[in-house]
Structure formats: structure tokens, C-alpha cells
Amino acid sequence: MEFGNKVAIVTGGASGIGLATVEILAAGGARVVLSDWDEAAGTRETARLQQAGREVAYIRADVSNSADVQNLVAATVSKYGRLDILINNAGYIIAKDVVAMQEDEWDKVLDINAKGVFLGCHFAIPAMLKHGGGAIVNVASISGLVGMPGQSGYCASKGAVVQLTKQVAVDFAGKGIRCNAVCPGSVETRVLTDYLDSSGDAARARQEIVANHPIGRTGTAAEVAEVIAFLCSDKAGFVHGAMFSVDGGYVAR
Ligand code: NAI
């Protein structure tokens, strides 16, 4: 099987793109730690996948909390003996421009989206290197590549993910760690619903979003997860430091 015996962590794995990624990796034979700060959803989805015969375990972690992420990596290695794949997927949006955005809101978005990726790489890479290396995929966004109306903290945080992905790729090139990012366009998950709800006119915001994607629709979580799975598979052995747009042509305009 494509991921036979590999051990993977997916943060934010209880919902949306993360959950779709857990499903693909586990179906491919990986032993997957589904991690999320939402314990109810995490244990529910883990039980559902276990019943379907998948090797999935739930470990709670808030990706912005250093002790949680350290424990996540240690508990994974303790349970499965190694770590081969890290998907830094957990993310959060508060959609406000730089004047409306409050300092505590800025800190929360940056802590989850940017520091969370730093902490994941910080604790996972030493564990991966003990067994010859591994693959990291960070979930950035088109908001990390271009400016978006009313997304000051979110764009800044995803820009940090884009740049950190390149930096990790440069620092660990040749040491057995591959690091890439996906940059999704608008995908039908809770992050998109939260964004639409906060826009004041969800129907109009949705129309604008669809119009800005040349392909003429939003994406699905599974469409992004397929690309994540490719990037962390051995098929992508020469893909390193790449920002992989999965956006229906959004940034190609
Ligand atoms: P989602 O809301 O369905 O899933 C996000 C998951 O992350 C949830 O299960 C949530 O509980 C978890 N999470 C949030 N903060 C966390 C924290 N501090 N610690 C641990 N878990 C946490 O949304 P979606 O869309 O699947 O989000 C996944 C990633 O995709 C995020 O990084 C998001 O920014 C990114 N993204 C989403 C896009 C979209 O249109 N849906 C577009 C571009 C990027």
C-alpha cells in the first residue's frame, strides 16, 4: 500500500481538509494520529474510522501550545515507534482589516496558523531524523500568496507559513526531510462558512468568491487532501520547497 507502515500526524484532523487527509492516508495503509483541539469531534471521527478498519488514534493538541505539540509528537512516537509524515493543517480565521482587527485577535490567528506550524516542525523534525527523515506538508492558502480584502491577520499568518515552508526546505535539504505547502483557494469547510458569516452578507460574498475562481466553483476538502497525500508520498520524492496551488486557477488570473 502507498503509505504502508508509515506513521503520520494530521493536525486539525477532525474536520474539513484535515479529516479528508486522514481518510486518504489511513486508506493507503498509514498509521495516522488524528489530532485536534476539538475533543468531541476528534474522538467521534477516530471511532468512525476505527470501525471502518483504519489504524487511526486520537491525540488532543492545541497547535498554538508548545507543551501540547511536544506531547503530540512524543506520544505518537511512543505509540507507533516512529514518525514519517506531518501535516500541519490546523487553521483559524478572523476576517478583519488591519484597523478593525484587535490585538488579541491578531495574536490568536498568528499563534494558531503561524506559530502552530513552527511548533509542529520544531518538535517533529528531530523525531523524523531519528529514523532517516520524513515529509512535511503545511496547509497555507491563496491568502499567503496574494492580498485578500479584510483578511489582515489571516493573510499575514499564511504568508508566514509560505515562507517558513521554504526555509525548512532549505535548512533540511539533503537531510531526509522534504517540506512543501498547499495553497488552497476557497474550499467548502467551516473555515469558509466562518468567513462568509463574518462578511455581513454571506450570499453576496459567496457570489464574489465563486466569480474570482476561474474554474467557476469552490473546491472540496477531498480535492485538497488528494494533493496533500501526493506531496507526502514517495511519488513526490523530488518535490521540495514547493507552494502547490489548489485553487481553481485563483492566483493564475
Ligand atoms: P475546518 O474548520 O473544517 O477544519 C479546521 C480544523 O482545525 C478543525 O477541526 C478545528 O477544530 C481545528 N483547529 C483549529 N484551531 C486549532 C488549534 N489551535 N489546535 C488544533 N486544532 C485546531 O477548516 P478547513 O478549511 O478544513 O481548514 C484546514 C486548513 O485549510 C486551515 O489551515 C485553513 O486555514 C486552510 N485553508 C482553508 C481554506 C478554505 O476555504 N476552507 C482555504 C485555504 C486554506
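Our subject is the structure listed above.
Residues numbered from 1 in each chain as written. Predicted model: local features only at pLDDT ≥ 70, side-chain atom pairs only at ≥ 80, totals over all residues. Heavy atoms only, no water.

Structural notes on the packing of helix α1 (residues 16–27) against helix α2 (residues 39–51)
What counts here: A fitted line through C-alpha atoms represents every axis, and for helices the fit uses only the stretch in contact; the resulting angles, taken between N-to-C directions, go from 0 to 180 degrees. Helix and strand definitions here come from DSSP, where helices need a minimum of 4 consecutive H or I residues and strands a minimum of 2 consecutive E residues; each element is numbered from the N-terminal end. Here the word oblique covers every angle except those under 35 degrees (roughly parallel), over 145 (roughly antiparallel) and from 65 to 115 (roughly perpendicular). Rotating anticlockwise by less than a right angle from the far helix to the near helix defines a left-handed crossing, while the corresponding clockwise rotation defines a right-handed one. We call two residues in contact when some of their heavy atoms are within 4.5 Å. Residues are sorted three ways: Asp, Glu, Lys and Arg are charged, Ala, Val, Leu, Ile, Met, Phe, Trp, Tyr, Cys and Pro are nonpolar, and all the rest, Gly among them, are polar.
The geometry of α1 relative to α2 is characterised by a closest axis approach of 12 Å and an angle of 25° between their N-to-C directions. Comparing their axes, α2 and α1 come out roughly parallel. Remark: the crossing between α1 and α2 carries right-handed chirality. Between α1 and α2, the residues in contact are L19, V22 and E23 and E45, R48 and L49, respectively. When grouped by side-chain class, the residues that make up the contact of α1 with α2 number three nonpolar, no polar and three charged.

Digging into helix α3 (residues 66–80)
Note the following rule: Here the expected span of a helix is defined as 1.5 Å times the quantity of residues minus one. In this scheme, a residue with accessible area under 20% of its type's maximum is buried, one over 50% is exposed, and one in between is partly exposed, where area comes from a 1.4 Å probe on protein chains only. Our arc is simply the arc of the directions from the helix axis toward the C-beta atoms. Identification of polar contacts relies on pairs of N or O atoms within 3.5 Å, with a donor-acceptor requirement for protein atoms, meaning one able to donate a hydrogen and the other able to accept it, and with residues adjacent in sequence counted only if both atoms are side-chain atoms.
Given a rise of 1.5 Å per residue, 15 residues ought to cover 21 Å, and the 21 Å separating the end C-alpha atoms of α3 matches this to within 8%. Of all the residues in α3, the buried ones are D68, V69, L72, V73, T76 and Y80. Looking down the long axis of α3, one finds its buried residues gathered within 135° of arc, a one-sided arrangement. The exposed residues of α3 that point more than 90 degrees off its buried face are A67 and S78. For α3, the secondary structure elements touched by its buried residues are β1 (7–11), β2 (31–36), β3 (56–60) and α4 (103–129). Among the residues of α3, the N-terminal cap falls to N65, whose side-chain oxygen and the backbone nitrogen of A67 are separated by 3.0 Å. Looking at the residues trailing α3, positive phi occurs at G81, about 85°.

Some thoughts on the pairing of strand β6 (residues 177–184)
Threshold: When DSSP finds two or more bridges between two strands, those strands count as paired. Crossovers are marked right-handed if the path from the first strand over the helix to the second runs clockwise, as seen with the strands pointing away from the viewer.
Judged by how many residues are buried, β6 sits mostly within the fold: eight of eight residues are covered. Side chains I177, C179, A181 and C183 project from β6 onto one buried face, and the interleaved R178, N180, V182 and P184 project onto a second face that is buried too. In terms of strand pairing, strand β5 (residues 134–139) meets β6 through six bridges, oriented parallel. Bridging from a neighbouring strand, N138 pairs with A181 of β6. As a crossover connection, the stretch from β5 through helix α5 (residues 152–171) into β6 is right-handed. Where β6 lies against strand β7 (residues 243–246), four bridges are found, and the strand directions are parallel. Within the sheet, the bridge partner assigned to P184 lies in β7 and is V246.

Quick notes on the site of the ligand
What counts here: The rule for a residue being near a molecule or strand is that one of its heavy atoms must lie within 4 Å of it. To measure how exposed things are, a 1.4 Å probe is used in the Shrake-Rupley method; for residues, cover is taken only from the protein chains shown.
Residues in close proximity to the ligand total 27 residues, the closest being S15, D36, N89, Y154 and T189. Within the backbone of N89, one N or O atom sits 2.7 Å away from an oxygen atom of the ligand. A distance of 2.4 Å separates an oxygen atom of the ligand from a polar atom in the side chain of T189. When isolated, the ligand has an accessible area of 830 Å², and the protein chains bury 96% of it. Within the residue set of the shell around the ligand, elements represented by two or more residues are α1, α5 and α6 (190–198). Sorting elements by how many residues they give to the shell around the ligand places α6 first, with three residues.

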